[in-house]
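# Fold and contact review
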Amino acid sequence: MVYRLDAIDAYNRKLVKKIEVKGISQIGPTATNGFLCLEEIVVGKGNPQARLSFDIKTANGTKQITRLVGEGYDLFEQSGGLAEYRDRCIVKRIDGRAGTVELLNGTVLYEGTMVGNVHEDATRREQIRETIRSHFERERMLFSKGIKVLSLFFIDKVENYRVYGSGNSFSLGRFAEIFEQKYINVLNENIDIFSPNYTLYLQGHPASTVHAGYFSQDKKGKMTDTKETTEKGRDEALRAYDLIMRNKERLLSFDEPVRFIFSHSALKEGGITPTCFRFVR
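The following refers to the structure shown. Computed from a predicted structure; not experimentally measured. (Residues numbered from 1 in each chain as written. Predicted model: local features only at pLDDT ≥ 70, side-chain atom pairs only at ≥ 80, totals over all residues. Heavy atoms only, no water.)

Scanning the model with the defined rule gives eleven salt bridges in all. Here Arg51 ties to Glu40 by a salt bridge, and the two come within 3.7 Å at their closest N and O atoms. Of this pair, Arg51 sits in strand β3 (residues 49–58) while Glu40 sits in strand β2 (residues 36–42), and the two are eleven residues apart along the sequence. Accessibility assignment for this pair places Arg51 and Glu40 in one class, buried. Among the salt bridges present, the one from Arg93 reaches Asp95, with a minimum N-O distance of 3.3 Å. Since its relative accessible area comes to 46%, Arg93 is described here as partly exposed. Classification of Asp95 by relative accessible area gives buried; the value is 16%. Each of Glu40, Arg51, Glu126, Arg129 and Glu130 takes part in one network of salt bridges that share partners. (Salt bridge = Lys/Arg side-chain N within 4 Å of Asp/Glu carboxyl O. Helix = DSSP H or I, 4+ residues; strand = E, 2+ residues; numbered from the N terminus. Buried < 20%, exposed > 50% of the residue type's maximum accessible area, 1.4 Å probe, protein only.)

If you walk across this open sheet you meet the three strands as β5-β6-β7, and the pairing is antiparallel. For this open sheet the edge positions go to β5 (91–95) and β7 (108–110), each flanked by a neighbour on one side alone. Across the sheet, the mean angle separating the axes of adjacent strands is 15 degrees when strand polarity is ignored. With four bridges joining them, β5 and strand β6 (residues 100–103) adopt antiparallel strand pairing. Residue Asp95 lies in a different strand from β6, and its bridge partner there is Thr100. (Pairing = 2+ DSSP bridges. Axes fitted to C-alpha atoms, helices over the stretch in contact; angles between N-to-C directions.)

Where helix α3 (residues 120–142) contacts helix α4 (residues 174–190), the two axes come as close as 9 Å, and the packing angle between them is 45 degrees. Classed by the angle they form, the pair α3 and α4 counts as oblique. Pair α3 / α4 crosses with right-handed handedness. Here Glu120, Asp121, Arg124, Arg125, Ile128, Arg129, Ile132, Arg133 and Phe136 of α3 lie close against α4, whose contacting residues are Arg174, Phe175, Ile178, Phe179, Gln181, Lys182, Tyr183, Val186 and Leu187. The class makeup of the residues in the contact of α3 with α4 is nine nonpolar, one polar and eight charged. (Parallel < 35°, antiparallel > 145°, perpendicular 65-115°, else oblique. Left-handed = near helix turned anticlockwise from the far one by under 90°. Contact = heavy atoms within 4.5 Å. Nonpolar A, V, L, I, M, F, W, Y, C, P; charged D, E, K, R; others polar.)

Going residue by residue along strand β15 (residues 260–263), you find Phe260 and Phe262 tucked away on one face and Ile261 and Ser263 tucked away on the opposite face as well. Sheet topology places strand β9 (residues 151–154) next to β15; four bridges connect them, and they run parallel. By the bridge assignment, Ser151 is partnered in β15 with Phe260. The pairing of strand β12 (residues 211–213) with β15 spans three bridges and is classified as parallel. The residue of β15 that forms the bridge with His211 is Phe260.

These figures come from the coordinates and say nothing about function on their own.
Okay, here's the thing in structure tokens:
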């Protein structure tokens, strides 16, 4: 043997990619507590504020909303009197350094944590927001070096990205709607820390232009779901993969505004090597 480079050696020499995992955690019981999620702490010139998601009472039941709040914010009052928030659910302290919110009842939430009856939609919102936030963190460091960052979302079905109507009409699926909302929020909250050139680049591309879906397509050009358990499904998945590879050079160029990709087919090994990805499933 002249030379050996095994998996451990390759990793130690930083010759291979690594995966960083960011999780969404839930604390406390789910049955009696109202849903509450601390999305992030916003630190500006004044006192820190917290972006909280919680339920409110409506004529048709309850729905989830997100508000930027300060100390003294009364969740029971702002929810329309939901009983789940009756037990001193008032923001007592917002700690920008520790990234926590403490309520009068003793509950302490860290950024990215949830309490109570957590909805599946709330989890997806938090995952998408965290992906966008991580994307900006990496992108602002690499933009000046001319390196484009791409983030990839793996989702379960096309309908969550695009909903087709009659004829050629279509609308955004719920994940695409959440993405555009969160993209605008995260961008506006961090715009002051970005360099002038990077800020100019970001402001030149609206949220609707920075994401795209790469799925298999039917004969009419509509995106379709694929099941890779059959030979036909694997062929369809390969076509979705080819959609990315066919325009690889364009996709990696800053002339192309798309930086977030939605798909539900796994890419082959070495798909787009000179990029950085964030994954949400």
